[in-house]
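# Inside the fold
Here are the chains, one letter per residue:
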Amino acid sequence: NDYKNIEYIRDFTSDETTFNKLIELYENKNPGEKLFIWNVTLQNHGGYDTDYKLKTVYDINFNSDEINEFLSLIYESDKAIEKLINYFKKENERTLILILGDHYPSLSDETYRKILGKNLKDLTLEEKLKIHQVPFIIWTNYDIEEKYIDNISINYLSPLLMDVAGLTKTKYQTFLSNIYKQYPIIIEFGYMENNIFYEFKNNIPDNLKKYEVFQYYNIFKKGAH
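Quick summary incoming for the structure in this document. None of the values given here were measured: they were computed from a predicted structure.

### What to know about the environment of Phe12
Structurally, Phe12 is set in strand E2 (residues 12-13). Among the residues examined, Phe12 registers a relative accessible area of 25% and is labelled partly exposed. When the C-alpha positions of Phe12 and Asn44 are compared, they lie 8.2 Å apart, and in sequence the two are 32 residues distant. Those residues within four positions of Phe12 in sequence are excluded, and the remaining contacts are Glu7, Leu42, Gln43 and His45.

This is the structure we're talking about:
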């Protein structure tokens, strides 16, 4: 209800609409006032079988309406992100943008069989890890150190964001920064240590059991640090 002039792509609010709202909130704040926005977009949500009208035709040599639709949605996102970054490039107020995805596209099992040549349940651990990789980017309108981070899971993006922004971390975020040094990836079905990935079975390290407790209290116990 807070949005005006909504553009819909399929049945969802477009990324550009949410970015326009973000800019509106920025322009309406007091000069110098700090602003944090967590913007969850919907435009590219699966599944990809809603007869989305392609605005751009892709020559991808793959006979799949699902993939055509997904790539077209990503193209729309690319254009919206370009507009957002070009806007803040011109602003003097220091701005940091973190863009991330939280899972690989929810294509049908049949489409994944065509892409991978096998059923999802038959993937090797290496293949399973590969389809769980999603990109992220941190962009600023001021100079920061440029680097590529090969191994990091989404739970560590909060303390990373605080470090890049030069802000003080909470005790919980500091704990995450410390445990990241030993376990750079912790996901639903396993963790990485010393560049080796281990699946969760009965061998959960004590440090990760402690992390489980800290995480529970951080989420469910108000004011817990």
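The discussion continues.
### Structural notes on helix H1 (residues 15-28)
Because each turn of an α-helix spans 3.6 residues, side chains separated by three or four positions end up pointing in the same direction. Its 14 residues give H1 an end-to-end C-alpha distance of 20 Å, which sits within 8% of 20 Å, the value for a rise of 1.5 Å per residue. Turning to H1, its buried residues are Asp15, Thr17, Thr18, Phe19, Lys21, Leu22, Ile23 and Tyr26.

### Digging into the environment of Leu96
Assignment of secondary structure puts Leu96 in strand E3 (residues 96-100). A sequence separation of 71 residues divides Leu96 from Leu25, and the C-alpha atoms of the two residues are 15 Å apart. Excluding its chain neighbours within four sequence positions, the residues that come into contact with Leu96 are Ile138, Trp139, Thr140, Tyr142, Leu161, Val164 and Ala165.

### Digging into the nonpolar core
The nonpolar side chains of soluble globular proteins are, as a tendency, buried together. Within the largest apolar cluster, 13 residues are counted, with the highest numbers of intra-cluster contacts made by Tyr156, Ile179, Tyr183, Ile186, Leu208 and Tyr211. Among the elements of the structure, helix H5 (157-165), helix H6 (171-180) and helix H7 (206-220) are those that each provide at least two residues to this core. With four residues, the top contributor of residues to this core is H6. In this structure, Ile179 is in contact with Tyr156, Asn207, Leu208 and Tyr211, ignoring residues within four places of it in sequence.

Basis of the calculations
Residues numbered from 1 in each chain as written. Predicted model: local features only at pLDDT ≥ 70, side-chain atom pairs only at ≥ 80, totals over all residues. Heavy atoms only, no water. Helix = DSSP H or I, 4+ residues; strand = E, 2+ residues; numbered from the N terminus. Buried < 20%, exposed > 50% of the residue type's maximum accessible area, 1.4 Å probe, protein only. Contact = heavy atoms within 4.5 Å. Expected span 1.5 Å × (residues − 1). Core = buried A, V, L, I, M, F, W, Y, C linked by side-chain atoms within 4.5 Å.

None of the figures reported here should be taken as evidence of function without further support.
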